[in-house]
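# Breakdown of the fold
Read off the chains here:
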Amino acid sequence: MTTIAERLQAVQAYIRAAEHKAGRQTNAVTLLAVSKAQPAALLREAYAAGQRLFGENYLQEALNKQATLTDLAIEWHFIGPIQSNKTQLIAQNFAWVHGVDRLKIAERLNTARPEHLPPLQVCIQVNVSQEASKSGVLAEGLGLLASQIALLPRLKLRGLMAIPAPRSNNIQQHEPFKLVHELQLKLIQQGLALDTLSMGMSGDFSAAIAEGATIVRIGTAIFGARTSNTSELTQPNWTEI
Ligand SMILES: *Cc1c(COP(=O)(O)O)cnc(C)c1O
């Protein structure tokens, strides 16, 4: 049995190795621990081992954990799909939102972001493999959406997020991440100051880091399999670097 502290350390070591292999700066990549479907006690354990950024997909589950963990200085990231009727609580209770893909959602988050908090840090989710999910803006609509979101004063547009269709072959994994990076560079050329690429999960984060990820969102490799969700990849291959 390995502990969460040991797995966190192993994941961090693999991130450093992947940065090095890709010729990127040490610590260019930040680890977001994805704790959906995991109990608050495990987040506390990860926090004790030094982890500060946690990602949650389901609002009510996240709010319950936040209420249990108020004594910890966690930076909370909302990474799930965002329904309109959830925008107020998301804007009030998270530092980052990764899956914004419509202006209407961005506007609602902007309106609901409390004045006493810093602007909500936002990534636009891009749909780079249409078979994988219906979430995310298509590349064609990205430029317009990004320029509109950049004007909202209570949001801070940081970059792009993507969840490519799972591919077990490491070489095939690179292609969608490379595309996301190219889209980011285009937006930067348009004048937007974007510093974030949120991409890479337990099964594909070495490819994502090679293609420029700055935040990797990793659950299974830290916390083990989520028993309550059967739609996930069963075997992460994150040990292949
Ligand atoms: C669940 C999830 C992850 C983490 O996936 P793992 O394969 O467990 O690492 C990352 N990003 C999003 C958006 C997720 O929903």
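Refer to the structure presented above.
A brief report on the enclosed structure follows. The structure displayed is predicted, hence computed values, not measured ones. (Residues numbered from 1 in each chain as written. Predicted model: local features only at pLDDT ≥ 70, side-chain atom pairs only at ≥ 80, totals over all residues. Heavy atoms only, no water.)

With respect to the helices, strands and loops of the structure, Thr-196 is situated in strand 7 (residues 196–198). Accessibility expressed as a relative area gives 3% for Thr-196, which makes it buried. Side-chain polar atoms of Thr-196 contact the side chain of Asp-195, separated by 2.7 Å. Non-local contacts of Thr-196, meaning those with residues more than four positions away in its chain, are made with Trp-96, Cys-123, Arg-158, Gly-159, Leu-160, Gln-184, Thr-214 and Ile-215. (Helix = DSSP H or I, 4+ residues; strand = E, 2+ residues; numbered from the N terminus. Buried < 20%, exposed > 50% of the residue type's maximum accessible area, 1.4 Å probe, protein only. Polar contact = N/O pair within 3.5 Å; in protein donor to acceptor, adjacent residues only side chain to side chain. Contact = heavy atoms within 4.5 Å.)

Turning our eyes to something else, we now look at the pattern of salt bridges. The full count for this structure, using the stated rule, is seven salt bridges. With a shortest N-O distance of 2.8 Å, Arg-16 and Glu-19 are connected by a salt bridge. Of the two residues, Arg-16 and Glu-19 are both situated in helix 1 (residues 4–21); the distance of three residues between them amounts to about one turn of the helix. We classify Glu-19 as buried; its relative accessible area is 1%. Salt-bridge contacts for Lys-65 lead to Glu-61; the nearest nitrogen and oxygen are separated by 2.6 Å. Placement of both Lys-65 and Glu-61 in helix 3 (residues 59–68) is noted, with a separation of four residues, approximately one turn of the helix. (Salt bridge = Lys/Arg side-chain N within 4 Å of Asp/Glu carboxyl O.)

Those residues of helix 3 lying buried are Leu-59, Ala-62, Leu-63, Lys-65 and Gln-66. Buried residues in helix 3, looked at end-on, bunch into an arc of 165°, giving them a common side. Exposed side of helix 3, more than 90 degrees from the buried face: Gln-60 and Ala-67 are the residues found there. Against the buried residues of helix 3 lie helix 2 (40–48), strand 2 (53–56), strand 3 (75–78) and helix 4 (87–93). (Arc of directions from axis to C-beta.)

Take the site of the ligand next. Every one of the 13 residues lining the ligand counts as a neighbour, but Lys-36, Asn-57, Ser-202, Thr-220 and Arg-226 are closest to it. At a separation of 2.6 Å, an oxygen atom of the ligand approaches a polar side-chain atom of Lys-36. In the complex, 92% of the free accessible area of the ligand, which totals 390 Å², lies under the protein chains. Per-class residue counts for the shell around the ligand are six nonpolar, four polar and three charged. (Near = heavy atom within 4 Å. Areas by Shrake-Rupley, 256 points an atom, 1.4 Å probe, with all protein chains shown as cover. Nonpolar A, V, L, I, M, F, W, Y, C, P; charged D, E, K, R; others polar.)

Take the nonpolar core next. Proteins that are soluble and globular tend to have nonpolar side chains buried together. Counting 64 residues, the largest nonpolar core has Phe-54, Leu-109, Ile-124, Leu-160, Val-216 and Ile-222 as the members making the most contacts within it. Of the residues forming this core, the biggest block, five residues, is contributed by helix 1. In this structure, Phe-54 is in contact with Leu-32, Ala-33, Ser-35, Leu-43, Ala-46, Tyr-47, Ile-74, Glu-75, Trp-76, His-77 and Phe-223, ignoring residues within four places of it in sequence. Core analysis: the next-biggest nonpolar cluster, separate from the first, contains eight residues, Leu-32, Ile-79, Trp-96 and Cys-123 among them. (Core = buried A, V, L, I, M, F, W, Y, C linked by side-chain atoms within 4.5 Å.)

Right, let's talk about helix 2 for a bit. Here helix 2 has its buried residues at Ala-40, Leu-43, Ala-46 and Tyr-47. Projected onto a plane normal to the axis of helix 2, the buried residues spread over an arc of 115° and lie on a single side. More than 90 degrees from the buried face of helix 2, the exposed residues found are Ala-41 and Ala-48. Of the residues trailing helix 2, Gly-50 is marked for its positive phi of about 110°.

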